Amino acid sequence: MADDSTVTIRASFSTREAADLAVEHLVQQQGVSRPDIFVQSATAENTSGSRASGGDASHADGTRHDGALDGDIEVSVDIAADQIAAVQRISGMSGR
Amino acid sequence: METVAQLGRCHSMSDEQTTENLEAAPGETVSFPFDRMTVEQFRTRFPRARWSDTRKAWFVPGKTAARRVGRWLAELEAEADAFADAKGRDAFEFDPIESCYLALGKGGFLIRTPYSRTVIDELREIPYSRWDRDQKIWHVPYRSYQELRSHWPAIEEAARRNEPEERRRRAEARKGSEEEAKSKRRSAERKRRRYPLASDDLPPLDRVVGIQYGLVIFTEITGELVDPEAMAEFYRGVTEDHVWGLWRKPRLDELVRTWPAKVAHAEGAEWWQPTIEELRPIRRAARRGEDRKLRNNGAP
């Protein structure tokens, strides 16, 4: 079980897209179990990122800013200590 | 430390000139805690390694560098583990834990207790502890002795409390008492999978929320009014404005999709968005449940 050799690594992303990509990398490249990855607002506010992305960014009438752009999206992952180096290679993931 | 500093300086001169080359050259960057012995071992093993002041790390050139460095780091770790185990073993001999639940094994302590949630939680707090499903025993390496020692009183007490005879004795004492009747009523109420909700503060349906029973998903708000007097025994703060909501336990995929709240809920809240601390153990339990289901269904 060795739960205690587990560390939590966190990273903040300015768009939902980037956060999703980091989650995919963690699961597909590093083999991290999806239930060990948490996605949440980096602040106390509900947010979809700190800048528009995806459909909002490429909107026909220009970028939309009416989404909940109230802060970054935080991805945190509980991993075994020996996975730290591999996970930190994923853009922006750092231990805390 | 002096040697380390000197080594670092020696290489810093050439480092400035070769930084760009390092970026392009095949090889592996490695950093480790600085102590003289480790640096000497490293220098012997990797004579072509260079110190990079900009990276504050060593650079080992070569296409197979990553593999060789990985092997060396693993050896280093194994050596450190052996030393820590010997230290833990000495500590145990000097100040042993004497208990019928603990035995000595080849690589560490073997712990077998009656089932207890407290024992499991306490043992999970101990670094490198491991549950052996086949032997139904906990393994704790010698290196974790200090942590085991500090958790042992709670483990021992919980184990004794959960001995079959002790449980039987408590059950006998409870029989026919008001406490037992109350507990049965509470259990029956919970099994009805309903929950009183303030009609002006209803939770979203089909989302994971926390209530007094843990994390649940509300599937329906029936609109039926709650009888505050009859329900006062089970729920606090129920008024005539409360209606019944029906709930079910969330599945693993639903727990995974849930975004945790950044801040804990207010005191006395009837329902709330769970925090990461609430979600983590529930997700793990749900995953264990899914794994168990797969195993029982004959999956590899």
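Since we're looking at a predicted model, the values are computed, not measured.

*Asks:* What should I look at first to understand the overall build of chain A in this one?
*Replies:* Assigned secondary structure in chain A consists of two helices and four strands. Along chain A, helices (α) and strands (β) appear in the sequence β-α-β-β-α-β when read from the amino end. Out of the 96 residues belonging to chain A, those deemed buried represent 35%. Pairs at least 24 apart in sequence give 72% of the contacts found in chain A among residues at least 6 apart. Total accessible area on chain A is roughly 4,800 Å²; 44% of this is exposed by carbon and sulfur atoms.

*Asks:* What should I look at first to understand the overall build of chain B in this one?
*Replies:* Scanning chain B from terminus to terminus reveals ten helices and eleven strands. Taking the contacts inside chain B whose residues are at least 6 apart along the sequence as the reference set, 62% of them involve residues at least 24 apart. On chain B, roughly 18,900 Å² of surface is accessible, and the fraction owed to carbon and sulfur atoms is 51%.

*Asks:* When you look at the sheet that holds strand 10 (residues 214-225) of chain B in this model, what are you seeing that I'm missing?
*Replies:* Residue and element names in this part refer to chain B. With antiparallel pairing, four strands are arranged side by side in an open sheet as 8-11-10-9. Across the chains shown, the open sheet's two edge strands, defined by having one partner strand only, are strand 8 (194-198) and strand 9 (208-211). Sheet twist, expressed as the mean angle between neighbouring strand axes with direction ignored, is 55°.

*Asks:* Explain the interface of chain A and chain B here, please?
*Replies:* In many analyses, interface size is given as the accessible surface area lost on bringing the parts together. Contact residues are listed per partner, giving 25 residues for chain A and 24 residues for chain B. In total, about 2,000 Å² of surface goes out of reach between chain A and chain B, with carbon and sulfur atoms giving 54% of it. Taken together, chain A and chain B are joined by four salt bridges. Linking Arg287 of chain B and Asp36 of chain A is a salt bridge whose minimum nitrogen-to-oxygen distance equals 3.1 Å. Here chain A and chain B share six residue pairs in polar contact (both at pLDDT 80 or more) between them. Secondary-structure elements contributing two or more residues to the side of chain A that touches chain B are strand 1 (6-13), strand 2 (37-41) and strand 3 (73-80) of chain A.

*Asks:* Just checking my understanding: could you explain the nonpolar core for this structure?
*Replies:* Burial of nonpolar side chains together is a common tendency in soluble globular proteins. Formed by 19 residues in total, the largest nonpolar core has its most connected members in Phe109, Ile111, Leu123, Leu148 and Trp152 of chain B. Ranked by residue count, the leading element in this core is helix 5 (residues 145-161) of chain B, at six residues. Residues Phe13, Ala22, Val75 and Ile79 of chain A belong to the second largest nonpolar core, which totals 16 residues.

*Asks:* I'm lost on the packing of helix 4 (residues 117-124) of chain B against helix 5 of chain B in this one. Help?
*Replies:* When two helices pack together, their arrangement is given by the angle between the helix axes and by the axis-to-axis distance. All names here are of chain B. Orientation of helix 4 relative to helix 5, taken along the N-to-C sense of each, is 165°, at an axis distance of 8 Å. Taken together, the axes of helix 4 and helix 5 lie roughly antiparallel to each other. Read as a crossing pair, helix 4 and helix 5 show a hand that is left-handed. Mapping the contact onto sequence places Thr118, Val119, Glu122 and Leu123 in helix 4 and Leu148, His151, Ala154, Ile155, Ala158, Ala159 and Arg161 in helix 5. For the contact of helix 4 with helix 5, the per-class residue count stands at seven nonpolar, two polar and two charged.

*Asks:* Help me understand the packing of aromatic side chains in this model?
*Replies:* Residue and element names in this part refer to chain B. Per the stated rule, a full pass over the model turns up 17 aromatic pairs over all chains. Pairing Phe42 with Phe46 gives two aromatic rings, centres 5.2 Å apart and planes at 45°, and the pair type is tilted. Accessibility assignment for this pair places Phe42 and Phe46 in one class, buried. Their ring planes at 50° and their centres at 6.1 Å tell us that Tyr195 and Phe218 sit as a pair that is tilted. Of this pair, Tyr195 sits in strand 8 while Phe218 sits in strand 10; the two residues are 23 residues apart in sequence, bridging distant segments of the chain. With a relative accessible area of 0%, Phe218 lands in the buried category. An aromatic cluster of three or more residues is present, and its members are Tyr195, Tyr213, Phe218, Phe234, Tyr235, Trp244 and Trp247.

*Asks:* Explain the confidence of the model for chain A here, please?
*Replies:* Residues at a pLDDT of 70 or more form 79% of chain A, whose mean pLDDT is 77. When pLDDT is averaged over each element of chain A, strand 2 of chain A comes out on top at 90 and strand 4 (residues 94-95) of chain A at the bottom at 47.

*Asks:* Mind showing me how you'd approach a negative patch on the surface here?
*Replies:* A surface patch of like charges, here negative, comprises Asp200, Asp201, Asp227, Glu229, Glu240 and Asp241 of chain B. Counting through the fold element by element, Asp200 of chain B comes out in the loop between strand 8 and strand 9.

About the criteria used
Residues numbered from 1 in each chain as written. Chains lettered and ligands numbered in written order. Predicted model: local features only at pLDDT ≥ 70, side-chain atom pairs only at ≥ 80, totals over all residues. Heavy atoms only, no water. Helix = DSSP H or I, 4+ residues; strand = E, 2+ residues; numbered from the N terminus. Buried < 20%, exposed > 50% of the residue type's maximum accessible area, 1.4 Å probe, protein only. Contact = heavy atoms within 4.5 Å. Areas by Shrake-Rupley, 256 points an atom, 1.4 Å probe, with all protein chains shown as cover. Pairing = 2+ DSSP bridges. Axes fitted to C-alpha atoms, helices over the stretch in contact; angles between N-to-C directions. Buried area = accessible area lost by both parts, 1.4 Å probe. Salt bridge = Lys/Arg side-chain N within 4 Å of Asp/Glu carboxyl O. Polar contact = N/O pair within 3.5 Å; in protein donor to acceptor, adjacent residues only side chain to side chain. Core = buried A, V, L, I, M, F, W, Y, C linked by side-chain atoms within 4.5 Å. Parallel < 35°, antiparallel > 145°, perpendicular 65-115°, else oblique. Left-handed = near helix turned anticlockwise from the far one by under 90°. Nonpolar A, V, L, I, M, F, W, Y, C, P; charged D, E, K, R; others polar. Phe/Tyr/Trp six-rings, centres within 6.5 Å; stacked < 30°, edge-to-face > 60°. pLDDT = per-residue confidence, 0-100. Patch = residues over 30% accessible without salt bridge, like charges linked within 9 Å, V, L, I, M, F, W, Y side chains within 5 Å. Lys, Arg positive; Asp, Glu negative; His and termini not counted. Charge placed at Lys NZ, Arg CZ, Asp CG, Glu CD.

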